Amino acid sequence: MKIRYCWRCRMDVPMLDSEEGKIASKLLSEGFQQMKKQMKTPLSENFRKLLDYYKDITGYEETNHNAIMHHFIDLYGPDCENCGKPYRTETATFCPKCGNKRVF
């Protein structure tokens with residue numbers, strides 16, 4: 001787990017590393033399986049295991065299971081040399097926050 005800037009949330013959030021992300025993905029899948037079985041269960045209850053796992057790992061109480069799925073370190077590129085925000089992807093050549101052009 002590492003605190004990094006999220007472009008979608010527009011703030012620093014706890015991001016999961018690859019091992020934690022695998023567990024979170026498995027819990028998301030289980031939530032969808034539960035949702036298929038029990039259509040009348042509130043949506044947040046279907047994904048309770050995922051939400052609880054994220055809170056246990058990060059200390060941050062997320063309420064949206066979809067938000068967790070884009071809080072994976074591996075989805076983003078390295079930090080910008082100028083402003084420190086992560087590039088949006090591993091191959092991005094431009095930082096939208098400060099306009100820095102990345103040199104490979």
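Residues numbered from 1 in each chain as written. Predicted model: local features only at pLDDT ≥ 70, side-chain atom pairs only at ≥ 80, totals over all residues. Heavy atoms only, no water.

Colleague: Report on the overall build of the protein chain, specifying residues and quantitative values.
Modeller: Of the regular secondary structure elements, the protein chain holds four helices and two strands. Dimensions of the protein chain along its principal axes, counting C-alpha atoms only, are 50 × 25 × 20 Å. The proportion of buried residues among the 104 residues of the protein chain is 37%. Sequence-distant contacts, at least 24 apart, represent 37% of the contacts inside the protein chain between residues at least 6 apart. Accessible area for the protein chain stands at about 6,600 Å²; split by element, carbon and sulfur atoms hold 52% of it. Here the protein chain carries 17 positive and 14 negative side-chain charges, and the mean point of each set is 7 Å from the other. (Helix = DSSP H or I, 4+ residues; strand = E, 2+ residues; numbered from the N terminus. Buried < 20%, exposed > 50% of the residue type's maximum accessible area, 1.4 Å probe, protein only. Contact = heavy atoms within 4.5 Å. Areas by Shrake-Rupley, 256 points an atom, 1.4 Å probe, with all protein chains shown as cover. Lys, Arg positive; Asp, Glu negative; His and termini not counted. Charge placed at Lys NZ, Arg CZ, Asp CG, Glu CD.)

Colleague: Any details on the environment of Asp17? Residues and values, ideally.
Modeller: The topology assignment puts Asp17 in the loop between β2 (11-15) and α1 (18-37). Looking at Asp17, the relative accessible area reads 30%, which means it is partly exposed. Each C-alpha atom of the pair Asp17 and Lys2 lies 7.5 Å from the other, and the pair is 15 residues apart in sequence. Engagement of the side chain of Asp17 in a polar contact is seen with the backbone nitrogen of Glu20, the distance being 2.9 Å. (Polar contact = N/O pair within 3.5 Å; in protein donor to acceptor, adjacent residues only side chain to side chain.)

Colleague: With reference to specific residues and values, describe the packing of aromatic side chains.
Modeller: Aromatic rings considered in pairs are described by the distance between their centres and by the relative angle of their planes. Counted according to the given criterion, the structure contains three aromatic pairs. On the basis of an interplanar angle of 80° and a centroid distance of 5.1 Å, the ring pair of Phe32 and Phe47 is categorised as edge-to-face. With a gap of 15 residues between them, Phe32 in helix α1 and Phe47 in the loop between α2 (43-46) and α3 (48-58) connect regions that are remote in the sequence. Phe32 sits in the partly exposed class, given a relative accessible area of 34%. Above the ring of Trp7, the side-chain terminus of Arg88 is found at 4.9 Å from the ring centroid. Positioned above the aromatic ring of Tyr87 is the side chain of Arg102, whose terminal nitrogen or guanidinium carbon lies 5.0 Å from the ring centre. (Phe/Tyr/Trp six-rings, centres within 6.5 Å; stacked < 30°, edge-to-face > 60°. Lys NZ or Arg CZ within 6 Å of the ring centre and 35° of its normal.)

Colleague: How would you sum up the nonpolar core? Please name residues and give values.
Modeller: Membership of the largest hydrophobic core is limited to twelve residues, which are Leu16, Ala24, Leu27, Leu28, Phe47, Leu50, Leu51, Tyr53, Tyr54, Ile68, Met69 and Phe72. At the level of secondary structure, the elements contributing two or more residues to this core comprise α1 and α3. Non-local contacts of Leu28, meaning those with residues more than four positions away in its chain, are made with Phe47, Leu50, His65 and Met69. (Core = buried A, V, L, I, M, F, W, Y, C linked by side-chain atoms within 4.5 Å.)

Colleague: Just give me the short version of the pairing of strand β1 (residues 2-6), but keep the residues and values in it.
Modeller: Here β1 pairs with β2 via five bridges, running antiparallel. Its bridge partner being in β2, Ile3 is matched across the sheet by Pro14. The loop that links β1 with its antiparallel partner β2 comprises four residues; one of these, Arg10, has a positive phi angle of about 60°. (Pairing = 2+ DSSP bridges.)

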